[in-house]
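Chains, contacts and geometry: an overview
Below are the chains, spelled out letter by letter.
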Amino acid sequence: MTTLGVASVVIYGAMFIVPGDPATLLVGGSKPNPEALAAVRRQFHLDDPFWQSYLRWLSGAVRGDFGVSLVYRSPVSDLIASRALTTILLVAYAAIVIVIAGVGLGVLAAWKEKRAGVVITMATTVMMGAPTFVMAVIFVAVFATGLGWFPVFGAGSGLTDRLWHLTLPAFALAFSWIAYVAQVTRAAVRDEIRSEHVDTAHARGVPERLILRRHVLRNASGPILTVSGLTVAGLFAGTAVAEQAFGINGIGALLVESAAKQDLAIVQAISLVLVAAFVVVNMLVDLCNALLDPRAAGRAAR
Amino acid sequence: MSVLQVAPKPDSREITSWGARFDGPTTVACVIVVVFTLAAVFAPVIAPYDPTQVDPSAVYQGPSVAHLLGTDNTGRDILSRLLHGARSSLLGPAIVVLIAAVVGTVIAVSAAWIGGRFDAFVSRALDVIFAFPGLILAIVAVAVIGPGLLAPAAALSISYIPYIARVLRTAAIRQRNLPYIAALEVQGFGAVAICVRHLVPNLLPLLIVQATVSYGYALLDLSAISFLGLGTQPPTPEWGLMVANGQSSIIAGHVEQSLYAGLTILVAVVAFNVLGQGLAKAFMGDDR
Amino acid sequence: MSALLSIDRLRVELPAAKKGMRTVIHDVSLDVQAGEAVGLVGESGSGKSMTTRAVMRLLPEGARLSGEIRFDGISIPGMDRRALRRWRATRVGMIFQDPRAHINPVRTIGDFLFEGVMLDGRLSTSQARERISHLMRAVGIADVDRRLNQYPHELSGGLLQRVMIAAALTTEPELLLADEPTTALDVTTQEEVIAIIDELRRERGLAMLFITHDLDLAAAVCGRIAVMYAGSIVEEQKADALGLATSHPYTKGLLAARPELGRRERRLQTIEGRPISAFEVGDGCAFATRCPRVRDRCRQERPAPTQVPGGRVACHFIDFIDAAAGSPAVGSGGGTR
Ligand SMILES: Nc1ncnc2c1ncn2[C@@H]1O[C@H](COP(=O)(O)OP(=O)(O)O)[C@@H](O)[C@H]1O
Ligand SMILES: [Mg+2]
């Protein structure tokens with residue numbers, strides 16, 4: 001919550017920090033005429049003290065009213081709403097890929113340490129350094145223009161077609177995060193495998209499969225969940241790159257476009273929404289963690 | 001039977017002995033980093049062509065003796081662009097990490113030293129910055145200040161402070177509680193003197209490790225911003241920009257520009273990552 | 001007559017931090033008869049836990065084992081996965097030193113206890129429940145139903161160790177391995193827990209390998225005691241014959257180093273020198289670096305166990321030690337059966 005509050009101040013306050021007139025910024029890159037500037041001042045209440053105009057903006061934001069974009073000449077919330085579904089689909093798709101592949105690889109690397117551990121560690125080390133836009137280029141070259149399996153650009157229409165179009169973007173977006181989740185999962189699972197209570201389970205003749213499920217995965221789920229959540233939250237920021245790279249008309253692409261045109265009203269709104277999504281996911285993760293760990297539950301209950 | 005094998009245990013964790021403890025991957029990563037740095041410094045000398053020299057008669061040439069990596073859609077030599085691109089691509093993250101390291105160290109050491117409410121406040125502030133995605137902060141900065149290297153680099157410098165300060169703070173608190181610090185205090189040395197002459201030098205290995213790893217990710221973030229067209233502006237050669245620039249050629253089947261630039265970024269990021277982990281192992285004996 | 005558990009010239013090597021292997025257990029031989037309690041005593045780091053881990057096949061990754069360990073005539077190192085699992089699940093019970101670390105913190109006490117019984121596969125749920133309640137009461141846990149629903153962090157260390165004991169007994173094993181079962185507990189709880197172990201063991205005619213660093217404690221619950229030093233067993237004796245004339249110098253040192261109630265000594269005697277690890281032992285006697293009676297031969301030649309009345313002692317100069325009879329015997333307690 002604090003994060004969200006501070007973030008909103010930073011996002012809104014940014015335009016006041018830089019030298020010059022915020023109104024000029026809000027009009028966008030173009031050379032403004034005095035009447036336009038005055039109109040902007042009035043619309044955004046820039047002549048009021050900072051805190052007043054901030055609070056006005058914030059209370060609007062809470063109600064979903066982010067004002068009107070001066071570049072697109074339409075309400076910011078409409079612009080965002082019409083693109084939201086695509087972005088949410090993309091994030092959800094990538095999140096599922098990340099959790100399945102990342103946790104799977106991590107568990108495999110830890111459980112079959114001898115056979116798979118080294119290979120997966122090496123692979124994930126390289127994957128960690130592969131940015132979304134580089135993977136986008138490689139995927140397009142290989143799977144779209146090369147093999148022709150997937151479309152090159154766009155988001156498609158209809159659910160299946162959309163998922164079809166979003167496959168490459170989702171994997172490009174997911175790629176380095178898979179590695180990250182895999183590495184954290186591996187470390188967590190390995191710590192658990194080496195823990196003393198797992199020795200006890202072995203000593204009591206509990207079958208391997210049950211040990212893995214009941215004593216290793218169950219206990220390692222805390223850190224795995226935390227890192228997965230952090231990753232999914234981070235994906236919202238990553239959509240900017242993935243959407244731009246694949247020409248998908250989502251919130252991220254809108255953010256980049258608006259930043260380039262210095263359309264501050266949109267940039268502020270989207271940044272706030274993305275940070276809010278980030279914070280909400282993290283809160284959900286904390287909540288789940290508390291439910292998963294009886295010790296944490298005891299502490300939380302106080 | 002076992003012979004008496006009481007060789008002195010190599011338990012000395014001094015920095016002097018780290019050279020001998022680099023493993024294979026770390027050595028390779030180290031070499032790559034050095035080579036890239038040299039390429040950036042000597043780009044004007046070693047690059048075969050002017051990186052901005054357009055040649056309409058030589059577009060999309062494949063690799064040849066004349067153009068080792070071929071040419072791009074306007075006939076510019078890709079290798080020369082990569083070499084020159086190293087300059088802005090590597091300089092940006094250096095600025096980010098330098099600022100983040102200096103500010104982060106000062107924050108971490110003062111928080112550890114002063115403790116109490118100040119320390120609690122600093123920790124909370126670092127958490128908030130940490131939760132704010134760097135990429136978004138950078139985009140906001142661009143929207144306000146305008147495209148170019150300056151805005152995203154400044155924004156990322158702030159974003160990367162927690163990555164350095166959090167780890168250093170924990171280590172500084174541990175150091176703070178060691179007897180040698182108390183001994184120095186008893187001898188009448190001032191807080192600043194102790195911090196600068198003893199505490200910070202002891203934190204240096206950790207700082208180097210964190211800075212190295214951060215450098216890789218800063219490089220990744222900055223090149224992503226350039227890719228989005230919000231960072232370094234053309235015609236300055238830059239790796240992320242080259243990937244974006246080559247994108248339209250991919251459909252036509254010419255992947256070279258994007259691919260080589262992309263792979264260069266990948267190799268650089270991985271190298272810094274591996275180097276960071278290797279340094280951690282060498283300095284701290286961290287066997288993870 | 002073949003023993004229930006028979007360890008024969010066991011040697012365990014572990015991968016060293018750098019390269020190569022380090023010996024941690026050196027030619028250890030030890031028998032435990034059915035129904036008998038044997039104490040394995042030694043300073044920390046002497047290899048007691050590694051010995052039990054070798055028996056349970058719980059050695060760390062990369063460990064190398066040689067020698068033979070037999071349970072009821074069956075080779076344990078030779079068992080396949082299924083047989084090993086079956087053996088662990090039905091015929092042997094293990095009590096670990098630190099119950100808090102050795103019981104899964106995110107599952108309830110009930111989960112922990114039922115897991116063991118149900119693996120056996122012979123009991124219905126209600127039978128299992130009955131057996132568990134019975135055992136819980138036997139180890140001195142009163143409100144069974146409430147405890148079963150609690151998590152480990154809600155129980156004291158002493159209670160948790162009782163749970164561990166109950167868990168070890170649920171499958172009615174023939175052998176109990178107890179690795180310093182009370183070291184992690186505070187003193188008053190220690191006594192209660194030891195009493196419970198001793199009583200339940202006698203009632204059920206269980207064999208037990210009881211690991212401790214405390215000679216008196218071992219003598220109180222065990223009939224026979226093996227003293228371990230730096231990965232080797234230096235002496236094996238009937239509990240009531242320990243410390244008599246023919247004892248190993250190390251045992252004597254240990255006995256002399258005990259503080260004794262009601263006798264104010266100016267200064268506790270200690271064994272000179274630093275305890276060494278098994279891998280530091282050269283060709284000679286493990287105790288050579290600290291032995292007050294060390295001769296040249298001790299440094300060059302490892303002494304073989306010599307039969308003495310009541311047991312065996314690994315010392316070259318056992319006959320000479322005879323002359324210097326010193327410390328009194330330990331108070332004897334448990335016997336065989
Ligand atoms: N996981 C391990 N890896 C390497 N050496 C170990 C490991 N665990 C114990 N050791 C070494 O093995 C020796 C015996 O340890 P242990 O059996 O735990 O002693 P005890 O139980 O008698 O205190 C010690 O010297 C110890 O340092
Ligand atoms: Mg032990």
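Above: the structure in question.
Now for a look at the structure at hand. Note that this is a predicted model, so its numbers are computed, not measured.

A look at the site of ligand 1
All names here are of chain C. Around ligand 1, a shell composed of L14, V24, E43, S44, G45, S46, G47, K48, S49, M50, P60 and S277 is seen. The contact in question runs from an oxygen atom of ligand 1 to an N or O atom on the backbone of G47, over 3.0 Å. Between ligand 1 and the protein, one listed contact pairs an oxygen atom with a side-chain N or O atom of S49 at 2.6 Å. Out of a free accessible area of 560 Å², ligand 1 has 62% covered by protein chains. Broken down by element, the residue count for the shell around ligand 1 peaks at 3 residues, all from helix α1 (residues 48–56). Broken down by class, the residue content of the shell around ligand 1 amounts to 4 nonpolar, 6 polar and 2 charged.

Digging into the nonpolar core
If you look at the biggest cluster of nonpolar residues, it comprises 152 residues, and the most contacted ones within it are F133(A), F246(A), I270(A), L90(B), I139(B), L230(B) and W239(B). Top element by residues in this core is helix α7 (residues 191–227) of chain B. It accounts for 16 residues. Per-domain counts for this core show at least three residues from each of domain 1 (2–62) and domain 2 (79–301) of chain A. Residues within four places of L230(B) in sequence aside, it is in contact with V256(A), A259(A), A260(A), I139(B), V142(B), P147(B), G148(B), P152(B) and I225(B).

Looking at the pattern of salt bridges
Overall, the coordinates contain 28 salt bridges over all chains when judged by the stated rule. Between E208(A) and R81(C) there is a salt bridge, with its nearest N and O atoms 3.9 Å apart. With E208(A) in helix α10 (residues 208–246) and R81(C) in helix α2 (residues 81–90), this residue pair bridges two chains. When its relative accessible area of 33% is taken as the criterion, E208(A) is described as partly exposed. In this structure, D145(C) and R129(C) form a salt bridge, with 3.7 Å as the shortest nitrogen-oxygen distance. Taken together, the positions of D145(C) in helix α6 (residues 144–148) and R129(C) in helix α5 (residues 125–138) put the pair 16 residues apart, joining distant regions of the chain. Taken together, the shared-partner salt bridges in this structure form one network comprising R204(A), R214(A), R107(C) and E115(C).

Conventions and cut-offs
- Residues numbered from 1 in each chain as written.
- Chains lettered and ligands numbered in written order.
- Predicted model: local features only at pLDDT ≥ 70, side-chain atom pairs only at ≥ 80, totals over all residues.
- Heavy atoms only, no water.
- Near = heavy atom within 4 Å.
- Polar contact = N/O pair within 3.5 Å; in protein donor to acceptor, adjacent residues only side chain to side chain.
- Areas by Shrake-Rupley, 256 points an atom, 1.4 Å probe, with all protein chains shown as cover.
- Helix = DSSP H or I, 4+ residues; strand = E, 2+ residues; numbered from the N terminus.
- Nonpolar A, V, L, I, M, F, W, Y, C, P; charged D, E, K, R; others polar.
- Core = buried A, V, L, I, M, F, W, Y, C linked by side-chain atoms within 4.5 Å.
- Buried < 20%, exposed > 50% of the residue type's maximum accessible area, 1.4 Å probe, protein only.
- Domains from an automatic or database assignment.
- Contact = heavy atoms within 4.5 Å.
- Salt bridge = Lys/Arg side-chain N within 4 Å of Asp/Glu carboxyl O.

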